[in-house]
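Observations on the model geometry
In case you want the letters, here they are:
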Amino acid sequence: FKKIDVLINNAANNYGPGSNSRKTKLEFFDEKIWETDLNVGLKGAMLCTKIFGAKMNKQSSGGIIINISSDLGIISPDNRIYQKGYVKPVSYSVVKHGLNGLTKYTASYWANKNVRCNAIAPGGINNNQNKKFLRKIKKVIPLGRLAKKNEYNDLILFLCSEASSYMTGSIVVADGGRTII
């Protein structure tokens, strides 16, 4: 191919419904986990943005960069919803908040070159989590459910299309209302 149209940064270490490792508790947080999580989720996105964005910057057509953040890039995890002894590691939230910052920086940096950068901040996806966790999380989501597996596809397509041609630097929250509470 002669040009790059879209880059989607979607790498992160997945902790699903929390982690029960002592090493992921804040007071014992392992620096190697911190380093690995930030390298995968934030440094990886920055490097891909740097490399592919630089190519898009030279194209007359520009390009589109989409970062996959999280509702936990808008709010803090509520560790009370996880199984006893489990937490969402601090590194996950830091990475997702960082992606929001990278999105805004990139959007302003290459705006004059027709390179648009937006992010989505999705809520959790229903994926066979245990029933106790599902009962707890549904109570903090106004729509009363997690997202369906393919529910974010059209949002990604929208951000890749001309229909969003006047959007850049936006963090589109699609979380069933969780962050409004």
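Up top you'll find the structure we're talking about.
Report on the accompanying structure. All figures in this text were calculated on a predicted structure; none of them were measured in a lab. (Residues numbered from 1 in each chain as written. Predicted model: local features only at pLDDT ≥ 70, side-chain atom pairs only at ≥ 80, totals over all residues. Heavy atoms only, no water.)

Here we look at the packing of helix α1 (residues 31–58) against helix α2 (residues 90–109)
It is at 9 Å that the axes of α1 and α2 come closest, and there the two elements cross at 15°. The orientation of α1 relative to α2 falls into the category roughly parallel. Here the hand of the crossing between α1 and α2 comes out right-handed. Of α2, the residues touching α1 (which contributes Trp34, Asp37, Leu38, Gly41, Leu42, Ala45, Met46 and Thr49) are Val90, Ser91, Val94, Val95, Gly98, Leu99, Leu102 and Thr106. Taken together, the residues of the contact of α1 with α2 break down into 10 nonpolar, five polar and one charged. (Axes fitted to C-alpha atoms, helices over the stretch in contact; angles between N-to-C directions. Helix = DSSP H or I, 4+ residues; strand = E, 2+ residues; numbered from the N terminus. Parallel < 35°, antiparallel > 145°, perpendicular 65-115°, else oblique. Left-handed = near helix turned anticlockwise from the far one by under 90°. Contact = heavy atoms within 4.5 Å. Nonpolar A, V, L, I, M, F, W, Y, C, P; charged D, E, K, R; others polar.)

Some words on helix α4 (residues 153–160)
Those residues of α4 not exposed but buried are Leu155, Ile156 and Leu159. End-on view of α4: buried residues confined to an arc of 100°, all on one side of the axis. In α4, the exposed residues that point more than 90 degrees away from the buried face are Asp154 and Leu157. The secondary structure elements touched by the buried residues of α4 are β1 (6–9), β2 (63–68), β3 (115–122) and β4 (171–174). (Buried < 20%, exposed > 50% of the residue type's maximum accessible area, 1.4 Å probe, protein only. Arc of directions from axis to C-beta.)

Digging into the side chain of Asn100
When you line up the elements, Asn100 lands in helix α2. The buried category is assigned to Asn100, whose relative accessible area is 8%. Among all residues touching Asn100, those that are not within four sequence positions of it are Ser69, Gly73, Ile74, Ala119 and Ile171.

A short note on unusual backbone geometry
Generally, phi is negative for residues other than glycine and the peptide bonds are trans, each holding for most cases. The backbone of Asn114 sits at a positive phi, close to 65°, despite the residue not being glycine. Position of Asn114 relative to the elements: it lies in the loop between α2 and β3. The exposure class assigned to Asn114 is partly exposed, which follows from its relative accessible area of 44%. The phi angle at Asn128 is positive, at roughly 60°, despite the residue not being glycine. Inspection of the secondary structure puts Asn128 in the loop between β3 and α3 (131–139). Of the residues examined, Asn128 reaches a relative accessible area of 73% and is grouped as exposed.

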